[in-house]
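Next come the chains, spelled out residue by residue.
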Amino acid sequence: MILAALLLPAGPAGAEEIPATGGDFGGTGVIETRNARFRDDGTLEAGASLRHQRRFWFVNVQALPFLETTFRLTERLNATAGSGMTTDRSFDLKLRLLREGDYTPALAVGLQDFIGTGLYSGEYIVASKRWWGLDVSAGLGWGRLGTGGEARNPLGYVAGAFDTRPRNVGRGGMLQRNWFRGEDVAPFAGLEWSLPGIDSPWGRLEGLRAKAEWSGDALRDERGGYPARRTGGRGEAASRFNFGLQWSNEWLDAGLFSTHGTDVLLRLSLRLNPADPPSLPLPAPPPLRPRPAATAAPVSEEALAEQVFTALKQAGFRPVAFRLDGQLAEIAVAGGRFAGQPQVAARVLRATQPLLPAQAEMLRIRWWQAGAEVAVLDIPRGVLEGTTTGSASPEEAWAATLPLPATGDIPPGSLTPSGPDYEWGVEPRLSLQLGDPTRTLRWQAGVAAGGRVALGAGISLAGSVQQALLGNLDDGPSSDSRLPHVRTDYARYAAAGRTSIPGLYAERIWNLAPDVFARATLGYLEPMFGGASGEVLWRPHDRGFAIGLDLNWVRQRAFDGGLGFRDYATTTGHLSLYADLPFWNLYGVLRAGRYLAGDWGGTLELGRRFASGIEVGGFATLTNVSAAQFGEGSFDKGLYVRIPLSLFGTESRGRGGVLIRPIQRDGGQRLAVDSPLWETTRDGRTGMMRDGITGFAH
């Protein structure tokens, strides 16, 4: 067997590791078969594979160095109707068991469609060995990947239960439990040859691969007459031999293949490394002007404070307070365009350096967000100056910095600016819904204008108006939910509320005690609910965890997004634990409580934050609602990607995000307020400052 041959000693490879390429189903592989190769750690990939009667849309995440995850939406022939397309959703995992050595192959095991309808459910074990530019893979497939059925399941000799494979193709979303079961398995094998560079009129073409494989999938489960109508409506592959060409560079995969003797397959995907993504250069920071001379005429503290406040406003901050006490200059600022404490400290110094008296050798910078103080740090002025001139490193600035608890106290003798603070803006809005069985993607694009007025003591008024412009979200199907329709009436909201008020509320956010924060919000809290919301968060500044509690009484808003309400009202709330994990920059969130539809349960979220600020993660919610009550999807789950807007060349604390929820249902749904305390305060932690110390130089 080819797999056995790969496991035998072989000569060492004569070339360096060649980057992996993608397969039909989204993850790394040959064409339709998998191999034991993985992308670089953290790689994000999105693309499509298009062929007759099947279209795969996928997002692939190299979640950990040894773990590949794939979410896939499949558009396929509607076998029930015999025409038209329907959608299928699935998740895949591939786990590295062994790295390739000089004389041993790489080895991996994988689960395909292990959460989904089970239509494409299958498992595999695969080995890969490279000799110079030739990469050879071979393995065994179970389930969908073993429908060729050439051999008996070897696990059947261990236990007879492995000889039967329960089949449960239904509402989807459930964890498949029939792993490595079934009477038959099928071997598969693939070759990938990295072709030498080819000269062309446009330069030398590098990165071309020739691929060929023998698939274990005989298309037995492709019903509805694909690729040709067979007895019982089952599909049957004309051939299991696939071949073609694929070209790859640092960010693109493009391939053209002949598959199963009948089809042409086009695969195209884009990818990036979130630790070092492409980005536009940020504007150069303003030059650091010199300190006033020690012999300069003194200025009254009131006059100095006005000058400092003006300089801070010009730098993009909202000044909160100023105090000069001998060698200590204490400066409190709110907001700003800068994501972390190090850059806030550097920009505060650049703004105030020519104003602060020469004898002010220590800076105490207090950073506020949304009405609460979220971080306090003491840093020697000379060290911070040195990071801007190159005479001191960001690491030295970090070592000299003393983080302090956030108290929200304005020290006696501080001077404060007069008048209310306000901010406003206009921004595009995009709403997406994936997984509708009749349409893969529903969307609505619009524009929103909004603002916030700070009245003091952490109290503010905020609101926005939104106008829908384009999209098909309003054409979504009617809800068939057996639960209160807390989210599934999204199409009715989109249709009736083309001009709407997404939010209009009064809010107070304040420091309840050192490193303890509180929020109280009253009004139209989000597009579908209004009412009263309260939250308390204990977030020790020098620890990697936080604990929060939120309680909310809400009533469902009218479909037109105006000021009216519907009859449904509920109480919801959660106890939440937030924690940084000690490896791979992972973090976790664990919630337990009552959700909007009245169901009780918990949510587990795991995410990873890269040095660039990009975050990738996923979540799952299980409640006391059964899979039958929940409906299609069985339980709430999803993936997300958050990208700092600063990567696009603009100084901004904002982040753009994409949430991939396979299907929108009503179970496990939480209230979505604008200023949750964890998101408001998380950048004020010492750990976040440590991760962003390069900001001291900017």
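Relevant structure appears above.
Computed from a predicted structure; not experimentally measured.

**A word on the side chain of Asp135**
Inference 1: Structurally, Asp135 can be placed in strand 7 (residues 134–143).
Inference 2: For Asp135, a relative accessible area of 4% gives the class buried.
Inference 3: Of the polar contacts made by the side chain of Asp135, one reaches the side chain of Arg37; its length is 2.6 Å.

**Focus: the packing of helix 2 (residues 301–314) against helix 3 (residues 341–352)**
Inference 1: Between helix 2 and helix 3, whose axes approach to 9 Å, the crossing angle comes to 125°. Relative to helix 3, the element helix 2 lies oblique. Considering how the two elements wind past one another, helix 2 and helix 3 form a crossing that is right-handed. On the side of helix 2, the interface is formed by Val308, Ala311 and Leu312, while helix 3 contributes Val348, Ala351 and Thr352.
Inference 2: Residue composition of the contact of helix 2 with helix 3, by class: five nonpolar, one polar and no charged.

**Looking at the pairing of strand 16 (residues 263–272)**
Inference 1: Of the two faces of strand 16, only the one carrying Asp263, Leu265, Arg267, Ser269 and Arg271 is buried; Val264, Leu266, Leu268, Leu270 and Leu272 on the other face are not.
Inference 2: One ladder, built from seven bridges, connects strand 1 (residues 44–51) with strand 16; its direction is antiparallel. Bridging across to strand 16, Glu45 finds its partner in Arg271.
Inference 3: With eight bridges connecting them, strand 15 (residues 252–259) and strand 16 associate as antiparallel partners. Looking at the pairing, Leu252 lines up with Leu270 of strand 16.
Inference 4: Linking strand 15 to strand 16, which pair antiparallel, is a turn of three residues; within it His260 sits at a positive phi near 55°.

Scoring rules and cut-offs
Residues numbered from 1 in each chain as written. Predicted model: local features only at pLDDT ≥ 70, side-chain atom pairs only at ≥ 80, totals over all residues. Heavy atoms only, no water. Helix = DSSP H or I, 4+ residues; strand = E, 2+ residues; numbered from the N terminus. Buried < 20%, exposed > 50% of the residue type's maximum accessible area, 1.4 Å probe, protein only. Polar contact = N/O pair within 3.5 Å; in protein donor to acceptor, adjacent residues only side chain to side chain. Axes fitted to C-alpha atoms, helices over the stretch in contact; angles between N-to-C directions. Parallel < 35°, antiparallel > 145°, perpendicular 65-115°, else oblique. Left-handed = near helix turned anticlockwise from the far one by under 90°. Contact = heavy atoms within 4.5 Å. Nonpolar A, V, L, I, M, F, W, Y, C, P; charged D, E, K, R; others polar. Pairing = 2+ DSSP bridges.

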